[in-house]
Amino acid sequence: MAAIVSYRYFSKKFMDGLKHYKYSSVDTSPLANYVMKPWWEFFVKMFLPLTISANTLTFVGFLFGVSHFILIHIYDPYFKCSSANVPDTIVPDWVWLYGAVAHFLSHTLDGSDGIQARRTRTSSALGELMDHGLDSLSLTILMMTIPSLFIVATPGDLVAPEYPYVALSVTTIGFYLTHWEKYVTGILFLPWTYDIAMLTMQLLFLVTFITRDGVANMCYDLVGIEFYKVVVGGMVGE
């Protein structure tokens, strides 16, 4: 244990470079620039005192996502919720409502931490590492939550094990490629899909709470489409 604690993981050259590091990003998303960022700035100015650190916002936002992940997997550990041969009540309605609220707050706090850091003049490379490190974990947590919404809806046919993992792999690869691009260019080009995906998931959780039906079942009832297979099936060659 002492060796782990005392081991020098980063060279002196790396640590010296870290002192001069400056975060640089480009975000061309209309949704982010005209909707989300104004909301985050309003939220920070109206509700956050200067005594709250940016890293606290990052961590609390992460915990909101974790809490919903835990609830979903207590009630639906095998992704059976939206299957037609499983009662809709397997997951209580309030869990979906909590999911919409929790991910809205998580998204808001994740977008507000950078604004709070600049406001309190506490921006640092460590803060960015914590922010994006927890983002990578949040991505996994979210992707392993939503299969309960998108299970194949035909009677007796549950989702194949590869579907959630293929979806998780595709999104994770995109996340890491974005950061690899930043490593090469020095600029983080923020994807348009992040805010769209977060707002979409919040809406889907809310719709599921209101209708008391999984998204897969709604799509199947309306147009006969097995939604999760349409989205992910092409990725595994089916």
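Rules behind the numbers
Residues numbered from 1 in each chain as written. Predicted model: local features only at pLDDT ≥ 70, side-chain atom pairs only at ≥ 80, totals over all residues. Heavy atoms only, no water. Helix = DSSP H or I, 4+ residues; strand = E, 2+ residues; numbered from the N terminus. Buried < 20%, exposed > 50% of the residue type's maximum accessible area, 1.4 Å probe, protein only. Areas by Shrake-Rupley, 256 points an atom, 1.4 Å probe, with all protein chains shown as cover. 1 Å grid on protein atoms, 1.4 Å probe; cavity = no way out; pocket = protein on both sides within 12 Å on 5 of 7 lines; lining within 4 Å. Points joined across faces, edges and corners; volume = space filled by probe spheres on them. Nonpolar A, V, L, I, M, F, W, Y, C, P; charged D, E, K, R; others polar. Core = buried A, V, L, I, M, F, W, Y, C linked by side-chain atoms within 4.5 Å. Contact = heavy atoms within 4.5 Å. Axes fitted to C-alpha atoms, helices over the stretch in contact; angles between N-to-C directions. Parallel < 35°, antiparallel > 145°, perpendicular 65-115°, else oblique. Left-handed = near helix turned anticlockwise from the far one by under 90°. Salt bridge = Lys/Arg side-chain N within 4 Å of Asp/Glu carboxyl O. Phe/Tyr/Trp six-rings, centres within 6.5 Å; stacked < 30°, edge-to-face > 60°. pLDDT = per-residue confidence, 0-100. Expected span 1.5 Å × (residues − 1). Bend = angle between axes of the 7 residues up to and from the residue.

Broken down by element type, the protein chain carries eleven helices and two strands. Its helices and strands taken in sequence order, the protein chain reads α-α-β-α-α-α-α-α-α-β-α-α-α from the N to the C terminus. Classification of the 238 residues of the protein chain by burial places 39% in the buried group. A total accessible area of about 13,800 Å² is found for the protein chain, and carbon and sulfur atoms account for 70% of it.

Now for the layout of surface pockets. One simple way to see leftover space: roll a probe sized like a water molecule over the atoms. Approximately 780 Å³ is the volume attributed to the second largest pocket. Around the second largest pocket, the lining is made up of 20 residues, and of these F14, Y21, E128, L129 and K182 lie nearest the centre. For the lining of the second largest pocket, the secondary structure elements donating two or more residues are α2 (12–19), α6 (125–143) and α8 (162–185). Among the elements that make up the lining of the second largest pocket, the one with the highest residue count is α6 (seven residues). Grouping the amino acids of the lining of the second largest pocket by side-chain chemistry returns twelve nonpolar, six polar and two charged.

Here we take up the nonpolar core. When a protein is soluble and globular, its nonpolar side chains tend to lie buried together. Membership of the largest hydrophobic core comes to 21 residues, with the highest contact counts inside it found for W96, M201 and F205. Those elements that provide at least two residues to this core are α4 (54–75), α5 (93–120), α6, α8 and α9 (193–211). The element best represented in this core is α9, accounting for four residues. When near neighbours in sequence (up to four residues on either side) are disregarded, W96 contacts I72, C81, V91, S148, L149, F205, T208 and F209. Among the nonpolar cores identified, the runner-up in size contains eight residues, and F43, L48, L57 and L109 belong to it.

Glancing now at the packing of α5 against α9. Two numbers describe how α5 lies on α9: the axes approach to 7 Å, and their chain directions differ by 160 degrees. What the angle tells us is that α5 and α9 run roughly antiparallel. Here the hand of the crossing between α5 and α9 comes out left-handed. Here D93, W94, W96, L97, G99, A100, H103, F104, H107 and D110 of α5 lie close against α9, whose contacting residues are Y194, D195, M198, L199, Q202, F205, L206, T208 and F209. Tallied by class, residues from the contact of α5 with α9 come to eleven nonpolar, five polar and three charged.

Applying the stated rule across the entire model yields two salt bridges. Among the salt bridges present, the one from K182 reaches E128, with a minimum N-O distance of 3.5 Å. Taken together, the residues span a long stretch of sequence, with K182 in helix α8 and E128 in helix α6 at a distance of 54 residues. Summarising the burial analysis for this pair, K182 and E128 share the class buried.

Taken as a whole, this structure holds ten aromatic pairs when the rule is applied. Considering the side-chain rings of Y75 and W94, the 6.5 Å spacing of their centres and the 90 degrees angle between planes classify their relative orientation as edge-to-face. Here Y75, found in helix α4, pairs with W94, found in helix α5; they are 19 residues apart in sequence, far enough to count as distant. Under the relative-accessibility criterion, W94 is labelled partly exposed at 43%. Where W96 meets F205, the ring centres are 6.0 Å apart and the plane angle is 20 degrees; that geometry is what we call stacked.

In this model, the protein chain carries a mean pLDDT of 80, and residues with pLDDT of at least 70 account for 79%. The spread of mean pLDDT over the elements of the protein chain runs between helix α11 (residues 227–232), the lowest at 47, and helix α3 (residues 30–47), the highest at 96. Contacts from residues 152–158, a stretch scored under 50 in pLDDT, to residues over four places away or in other chains number 23 contacts. In the predicted structure, residues 227–238 sits below a pLDDT of 50 and forms 26 contacts with residues beyond four places in sequence or in another chain.

What follows covers α5. Over its 28 residues, α5 extends 40 Å from the first C-alpha to the last, a length consistent with the 40 Å expected when each residue adds 1.5 Å. S112 marks the point of greatest bend in α5, at about 35 degrees. R121 sits one or two residues past α5 and shows a positive phi near 60 degrees.

Attention now goes to the environment of H73. Secondary-structure assignment places H73 in helix α4. Leaving out residues up to four positions away in the same chain, H73 has contacts with F79, M144 and T145.

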